[in-house]
Structures are given as structure tokens and as C-alpha cells.
Amino acid sequence: MKRSYSLIALTLTISLFIYLFYRTERTVVNELVIFILSFDTYAAIRGSITNAIPLNGPAIFSLPGGLWVFCTTILSKDYYMKIRNHKMRIVVVPIVFAVGLELLQLIHFTNGMFDFWDVGFYIMFWFLGYYSFHSQRSQQNILSPFTLSSFICLTCFLAVYLAHVRQ
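Computed from a predicted model, the values in this text were never measured in an experiment.

All told, the structure shown has one salt bridge when counted by the stated rule. One salt bridge in this structure joins Glu25 and Arg46, with 3.4 Å as the shortest N-O distance. Of the two residues, Glu25 is situated in the loop between α1 (2-22) and α2 (28-37) and Arg46 in helix α3 (residues 39-52); the sequence distance between them amounts to 21 residues.

Quick look at the structure:
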């Protein structure tokens, strides 16, 4: 698992890079950066980067979500959550959440636009995360005992808020 932490950090850094410099400045993470740097400084850096490294639509709008699904899938493979007398494997949550959010966009229940590219990236990266790393550990409850690994897993789930576009 330790080896996968560096891959997860790199993957989330790529996703953050795309959000910071290619997505709207109304996302929570971009608003935080603008608050720290100033809009003019942020705009100058963003302009330099987008001119130097052009990206296509799927890389800008679908890849970051796929990378998030990949990371949360790897991190959640060892965990379950007990709900009443049933164990729910946490590894299914990233794909259900991501595809579910797309479906909610399709019926206009949430902000955003449904995109088949997004769904394709989610599914591809979920399978890649699910089948690429095999854990030697047995399944454990994500909340009991609460460990550093379970904290990192939950933090990755909460990081999706940083991509939220504020109105």
C-alpha cells in the first residue's frame, strides 16, 4: 500500500493541476488559490501554463474525475462500512458516486452537464484501480479502528468538494 501512496499523490496532483489551470475559477480550489495569490497573479500563471501546455476537452473535463475515481478505488479496497448487520465494501462507492452524479446531472437534479466521456473515464479508471493493486490485508471497518490509512481514504473522498463549482 505504501508504494501506491506515491502513485495516488502523483495522480491527485495531475488532477489538481488540471483544475487549477484549465477549469473555471469558480471551483472551490481555484477560489482558495485566488484568495492566497490574487486574481491577477493567478490569471498570469494560468495564461502561461495553458499557452505552454494545450489540453483537449476530455483531458480537461473528464480526466480529473477519472483520476479521482482511480485514487479512491485504490484507497478504499481494504475497507467496509457496517450498516446495521450488513457490510458494504467501500470500493464500490467511488464508481456509484461518480456515475450517480452524472445521472443526477442528466435529469438536471444537480448542476453540471451529463457527459458520456465522464462515465467512460469513471468506469475505465475504476476497473484500473480495482484490478491493478492487490492488497494483502483483510477487510477492516473504515471507522473502527480509525487509522491514518482510513483517514487518508476518507480525505480523498472529501477532496471531491474542492472541485465543486460555486454559483
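Following the structure, the description resumes.
This next bit is on the pairing of strand β2 (residues 86-89). Judged from the four bridges that link them, strand β1 (residues 79-83) and β2 form a sheet pairing that is antiparallel. Note on β2: the bridge partner recorded for Lys82 is Lys87. In sequence, β1 turns back onto β2 through a hairpin of two residues, with Arg84 there showing a positive phi of about 55 degrees.

With that settled, consider the confidence of the model for the protein chain. Of the residues in the protein chain, 96% have a pLDDT of 70 or more, and the chain-wide mean is 90. Mean pLDDT values over the elements of the protein chain span from 88, in helix α8 (residues 148-158), up to 97, in α3.

Along the chain, Leu154 turns up in helix α8. Overall, Leu154 belongs to the partly exposed group, its relative accessible area being 25%.

Conventions we followed
All residue numbers refer to position in the chain's written sequence, counted from 1. Predicted model: local features are reported for residues with pLDDT of at least 70 only, side-chain atom pairs are reported and counted for 80 or more only, and whole-chain, interface and lining totals are derived from all residues. Heavy atoms throughout the structure, all of them, feed into the side-chain values; hydrogens and water do not. The term salt bridge refers to a side-chain nitrogen of Lys or Arg lying within 4 Å of a carboxyl oxygen of Asp or Glu. For the purposes of this entry, the term helix denotes a DSSP run of H or I that reaches at least four residues, the term strand denotes a run of E that reaches at least two, and both are numbered from the N terminus. Pairs of strands are assigned from DSSP output, requiring at least two bridges between the strands. Confidence scores per residue from the predictor, reported as pLDDT, run from 0 to 100. Under the scheme applied here, a residue whose accessible area is under 20% of the maximum for its type counts as buried, over 50% as exposed, and between as partly exposed, the area being computed with a 1.4 Å probe on protein chains only.

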